[in-house]
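# Descriptive structure summary
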Amino acid sequence: AATAPNWIKEGYTLTWDKEFTNITEDTVINAVWKLKQKVTYKIEHYLRSTDLESESYVLQETEILQEISGTQVTAIPKEYIGFIENIKHSERIPNGIVREDGSLVLKLYYERNTYKVTLNTNEGTIVDGNIQSYIYGIQATLPTKVTKEWCKFAGWYDNEELTGEAITKIDAGETGDKTYYAKWLEDEYYITSPVYNINTEENYITKVSPYTNLTAFLNNIETNGTPKVIDLEGNEITEERLVGTCFKLQVTYKNKVYEYDIAVRGDLDCNGEITVTDLSVMNQIIVNELNVTGMIEKAADIDYSDNITTTDISMLNQTLVGKISL
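Notes on the structure follow. (Residues numbered from 1 in each chain as written. Predicted model: local features only at pLDDT ≥ 70, side-chain atom pairs only at ≥ 80, totals over all residues. Heavy atoms only, no water.)

## Some details on the overall build of the protein chain
Rule in force here: In DSSP terms, a helix is any run of H or I states spanning at least four residues, a strand is any run of E spanning at least two, and both are numbered starting from the N terminus. Radius of gyration here uses only the C-alpha atoms, and the compact-globule reference equals 2.2 Å multiplied by the residue count raised to the power 0.38. Only protein chains enter the accessibility calculation, which uses a 1.4 Å probe. A residue is then buried if its area is under 20% of the maximum for its type, exposed if over 50%, and partly exposed in between. We call two residues contacting when some pair of their heavy atoms lies within 4.5 Å. Per-residue and other accessible areas were derived by the Shrake-Rupley procedure at a 1.4 Å probe size, with only the shown protein chains allowed to occlude residues.
Looking only at helices and strands, the protein chain has four helices and 23 strands in total. Rg of the C-alpha trace for the protein chain: 43 Å, well past the compact-globule value of 20 Å for 326 residues, more than 25% over. Summarising its shape, the C-alpha atoms of the protein chain cover approximately 155 × 50 × 30 Å along the three principal directions. Residues counted as buried form 36% of the 326 residues belonging to the protein chain. The contacts of the protein chain with a sequence gap of at least 6 include a subset with a gap of at least 24, amounting to 54%. Accessible surface computed for the protein chain: about 19,900 Å², of which carbon and sulfur atoms make up 45%.

Right under this line is the structure:
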């Protein structure tokens, strides 16, 4: 009996047109090559989600391809904007042998690119919110708490000439390294208050409530200078001490001191409180036994009528007995 040779032809299966058994004479046996059927296999492409804490991936695309079973195949990475293949992912299957049942699935995983952010502060200081990079697909906000002495921050720009529109954020769809430049405007001295009346022409402050300590007072002062309060003896007062009438607010800006006299509503003895002493002084003013000017006069004008009348003494009385608060 003859033995059939083990011939191989890629992509084909081999059969013979005659049996190799019981051959007793010269015989021609012809090889019959039959083309193998191609079967399907898949390549799945997974992109990193924006939920970076979960380290999850989302199926972006599935390729369905065909090849002859038994063939070694390799997945070709796709190009996705803002992503790069993670060749170290534990579930990555970059190649395999095509199975007759079509069950082969190759898997590739892609990470979001991280890009560099350079913030040129132009001699300023970033107080909070500094960023050095951003991740593709996740919006990044540029810091707004940026300071520079005697200057006002006017935003970030993408060019050294500081032209165009200010940029506040890096949008989710942006790519590439970024460089931004801080723009500064030379600041002018300012002082304002949402509570008090600040007269910058005559340099005084009114509408300050009694029992206001230094901390509360300064919290209601908005200025780009450095403020402090000086008492009647010329000493700087501390945080918990009450601000009194005739105390002075001093604001230092660019080595210049701006000074404002303070009038505390109803405080006529300059201790920041309302007592019977203040009522006694008010009585003397009303009966013309005492003539007051300056901050004492403004403190006595409790109803802001520009005159000291019985209404003012009535309001002071009501304050003392706890019916109203100034």
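## A word on a nonpolar patch on the surface
Applied cut-off: Patch building starts from residues that exceed 30% relative accessible area and form no salt bridge, then joins like charges within 9 Å and nonpolar side chains (Val, Leu, Ile, Met, Phe, Trp, Tyr) within 5 Å. For salt bridges, the criterion is a side-chain nitrogen of Lys or Arg within 4 Å of an Asp or Glu carboxyl oxygen.
On the surface, a cluster of nonpolar side chains totalling about 270 Å² of accessible area is made up of Val276, Leu320 and Val321. In this structure, Leu320 sits in helix α4 (residues 310-320).

## Quick word on the packing of aromatic side chains
Definition in use: Each pair of aromatic rings taken from Phe, Tyr and Trp, with Trp reduced to its six-membered ring, is defined by centres within 6.5 Å and is described as stacked if the planes are under 30 degrees apart, edge-to-face if over 60, and tilted in the remaining cases. Charge-over-ring placement is defined geometrically: NZ (Lys) or CZ (Arg) within 6 Å of the ring centre, and within 35 degrees of the ring normal.
Taken as a whole, this structure holds 13 aromatic pairs when the rule is applied. Ring geometry for Tyr189 and Tyr258: centres 3.9 Å apart, planes at 5 degrees, overall stacked. With Tyr189 in the loop between β16 (178-186) and β17 (191-192) and Tyr258 in strand β23 (residues 256-264), this pair connects stretches of sequence that are 69 residues apart. Among the aromatic residues, those joined into a ring-pair cluster are Trp150, Tyr189, Tyr253 and Tyr258. The positively charged end of Lys207 is found above the aromatic ring belonging to Tyr304, 5.2 Å away from the centroid. We note Lys298 situated over the ring of Tyr204; from NZ or CZ to the ring centre the distance is 4.2 Å.

## Topic: unusual backbone geometry
In this structure, Glu123 is a non-glycine residue whose phi angle is positive, near 75 degrees. With respect to the helices, strands and loops of the structure, Glu123 is situated in the loop between β9 (114-120) and β10 (125-128). Positive phi values are uncommon outside glycine, yet Asp306 reaches one of about 70 degrees. Asp306 sits in the exposed class, given a relative accessible area of 70%.

## Things to note about the side chain of His45
Put simply, the test is: Each polar contact in these results corresponds to two N or O atoms within 3.5 Å; when the atoms are within protein, one needs to be able to donate a hydrogen and the other to accept it, and residues that are neighboring in sequence are counted only if both atoms are side-chain atoms.
Inspection of the secondary structure puts His45 in strand β3 (residues 38-48). Within polar-contact distance, the side chain of His45 engages the side chain of Glu63 at 2.7 Å. When residues no more than four places from it in sequence are discounted, the contact partners of His45 are Val58, Leu59, Gln60, Glu61, Glu63, Ile76, Lys78, Tyr80, Leu108 and Tyr110.

## Points about the state of the cysteines
Selection criterion: The disulfide criterion used throughout: a pair of cysteine sulfur atoms within 2.5 Å.
According to the stated counting rule, one finds zero disulfides in the structure shown. Here Cys270 is not disulfide-linked; the sulfur of Cys246 is the nearest cysteine sulfur, at 4.0 Å. In this structure Cys270 comes out as buried when scored by relative accessible area, which is 14%.

## Re the nonpolar core
Defined as follows: Residues grouped as a nonpolar core are buried Ala, Val, Leu, Ile, Met, Phe, Trp, Tyr and Cys residues, joined through side-chain atoms within 4.5 Å.
If you look at the biggest cluster of nonpolar residues, it comprises 28 residues, and the most contacted ones within it are Leu142 and Tyr180. Of all the secondary structure elements, the ones that give two or more residues to this core are β3, β8 (105-112), β9 and β16. A per-element tally of this core places β3 first, with four residues. If we ignore the near neighbours within four places in the chain, the residues touching Tyr180 are Val117, Thr118, Leu119, Asn120, Leu142, Trp156, Tyr157, Asp158, Ile167, Ile170 and Glu174.

## Let's talk about the sheet that holds strand β14 (residues 151-157)
Condition: Paired strands, as defined in this entry, are two strands with at least two bridges between them according to DSSP. Lines fitted to C-alpha atoms define the axes here, with helix axes fitted over just the stretch in contact, and angles between the N-to-C directions of these axes take values from 0 to 180 degrees.
Read across the open sheet, the four strands follow the order β11-β9-β16-β14; overall the sheet is mixed. At either end of the open sheet lies a strand with only one pairing partner, and these are β11 (133-135) and β14. Each adjacent strand pair in this sheet contributes to an overall mean axis angle of 30 degrees, direction not counted. Summarising the sheet, β9 and β11 pair through three bridges and their orientation is antiparallel. The residue bridging Tyr115 from the neighbouring strand is Tyr134, located in β11.

## Side note on the sheet that holds β23
For sheets, the rule is that strands pair by backbone hydrogen bonds, running either parallel or antiparallel. Sheet architecture is open: five strands sit in the order β18-β19-β23-β22-β21, paired in mixed fashion. The strands lining the two open edges of the sheet, one partner per strand, are β18 (197-199) and β21 (226-230). Taking the axes of each pair of neighbouring strands and ignoring which way they run, one obtains an average angle of 25 degrees across the sheet. Sheet topology note: the β21/strand β22 (residues 248-253) ladder contains five bridges and is antiparallel. Counterpart to Val229 in the pairing with β22 is Leu249.

## As for the packing of helix α2 (residues 276-286) against α4
Stated precisely, the cut-off is as follows: Here roughly perpendicular refers to angles of 65 to 115 degrees, roughly parallel to angles under 35, roughly antiparallel to angles over 145, and oblique to all remaining angles. If you view the pair so one helix is near and one far, a crossing is left-handed when the near helix is turned anticlockwise from the far one by less than a right angle, and right-handed when it is turned clockwise. Note that Gly is not counted as nonpolar here; it falls among the polar residues with everything else outside the nonpolar set of Ala, Val, Leu, Ile, Met, Phe, Trp, Tyr, Cys and Pro and the charged set of Asp, Glu, Lys and Arg.
For the pair α2 and α4, interaxial distance at closest approach is 10 Å and the crossing angle is 165 degrees. In this view, α2 runs roughly antiparallel relative to α4, as classed from their interaxial angle. Crossing of α2 over α4 shows left-handed handedness. Counted together, Val276, Asp278, Leu279, Met282, Asn283 and Ile286 of α2 and Thr310, Asp312, Ile313, Leu316, Asn317 and Leu320 of α4 form the full contact between these two elements. Residues belonging to the contact of α2 with α4 are distributed by class as follows: seven nonpolar, three polar and two charged.

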